[in-house]
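Residues per chain are reported as follows:
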Amino acid sequence: QVQLVESGGGLVQAGGSLRLSCAASGSIFSIHGMGWFRQAPGKQRELVATITSGEITNYADSVKGRFTISRDDTKNTVYLQMNSLKPEDTAVYYCNADVTVRNLPTWRNYWGQGTQVTVSS
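Note on numbering: residues in each chain are counted from 1, in written sequence order. At least 70 in pLDDT is required for a residue's local features to be given in this predicted model, at least 80 for side-chain atom pairs to be given and counted, and no such filter applies to totals for whole chains, interfaces and linings, which use all residues. Just so you know, side-chain values use all the structure's heavy atoms and leave hydrogens and water out.

Enquirer: Help me understand the sheet that holds strand β7 (residues 67–72), please; the structure alone is not making it clear to me.
Expert: Picture the strands of a sheet paired through backbone hydrogen bonds; they go either parallel or antiparallel. For two strands to pair, DSSP has to find at least two bridges joining them. Numbered from the N terminus, helices here are DSSP runs of H or I no shorter than four residues, and strands are runs of E no shorter than two. What the four strands build is an open sheet, ordered β1-β3-β8-β7; its pairing is antiparallel. The sheet is open, and its two borders are formed by β1 (2–7) and β7, each paired with just one other strand. Between one strand axis and the next, the sheet turns through 15 degrees on average, direction left out of account. All axes are obtained by fitting lines to C-alpha atoms, using only the stretch in contact for helices, and the reported angles, taken between N-to-C directions, cover 0 to 180 degrees.

Enquirer: In this structure, what is going on with the state of the cysteines? I would like to understand it.
Expert: Chemically, a disulfide is nothing more than a covalent bond linking the sulfur atoms of two cysteines. Two cysteine sulfur atoms form a disulfide, by the criterion used here, when they sit within 2.5 Å. In the structure shown here, the tally under the stated rule is one disulfide. Paired through a disulfide, Cys22 and Cys95 show a sulfur-sulfur distance of 2.1 Å. Residues Cys22 and Cys95 are joined through a disulfide that is left-handed, its torsion about the S-S bond being -80 degrees. Placement of the pair is Cys22 in strand β3 (residues 18–26) and Cys95 in strand β9 (residues 91–101), with a sequence separation of 73 residues. A residue is classified by how much of its surface remains accessible, and Cys22, at 0% relative accessible area, is buried. When accessible area is computed with a 1.4 Å probe and restricted to protein chains, residues below 20% of their type maximum are described as buried, those above 50% as exposed, and intermediate ones as partly exposed.

Enquirer: Please explain the pairing of β1 as it appears in this structure.
Expert: Residues in a regular strand point their side chains to alternate faces of the sheet. Going residue by residue along β1, you find Val2, Leu4 and Glu6 tucked away on one face and Gln3, Val5 and Ser7 left uncovered on the opposite face. Sheet topology places β1 next to β3; six bridges connect them, and they run antiparallel. Following the sheet pairing, Val5 is matched in β3 by Ala23.

Enquirer: What is the right way to read the side chain of Glu6 from this model?
Expert: Inspection of the secondary structure puts Glu6 in strand β1. At 2.8 Å, the side chain of Glu6 and the backbone nitrogen of Cys95 are in polar contact. At 2.9 Å, the side chain of Glu6 forms a polar contact with the backbone nitrogen of Gly114. Apart from residues lying up to four places away in sequence, Glu6 is in contact with Ser21, Cys22, Trp36, Tyr93, Tyr94, Cys95, Gly112, Gln113, Gly114 and Thr115. Polar contact criterion, stated in full: a pair of N or O atoms within 3.5 Å, where within protein one must be able to donate a hydrogen and the other to accept it, and residues adjacent in sequence count only if both atoms are side-chain atoms. Note on contacts: a residue pair qualifies if any of its non-hydrogen atoms lie within 4.5 Å across the two residues.

Enquirer: Even after reading the chapter, I still don't get unusual backbone geometry, so can you show me in this structure?
Expert: For residues that are not glycine, phi is negative in most cases, and the peptide bond is trans in most cases. Unusually for a residue other than glycine, Asn76 sits at a positive phi of about 50 degrees. Relative to the helices and strands, Asn76 resides in the loop between β7 and β8 (77–82). Here Asn76 falls in the partly exposed class, since its relative accessible area comes to 26%. We note that Ser84 has phi near 50 degrees; this positive angle belongs to a residue other than glycine.

Take a look at the structure:
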């Protein structure tokens, strides 16, 4: 019913920047909170940043001041601008969204398939 597709990952040197995008498609009535999570090898998935439908943002302490989350509701897309990247930012980054599907009474939570970000030292 709803698909989230991430793009923009890749290999970058420490200190560099990347911009991730996540586009939602399908039978969307409305999108509520959206966010980015990441999972490094051997570690649990962790929250990176979230943004509400009212554009209130929240960040993990480890990325505050370096990452910026934003959304474009006309495109059903959430972005993550990542600056001053560090090797410890290396992980698979996942998009997440709470979506109300057309003709269904409640919202559901969806995940993207993930995009790899690798930061070399």
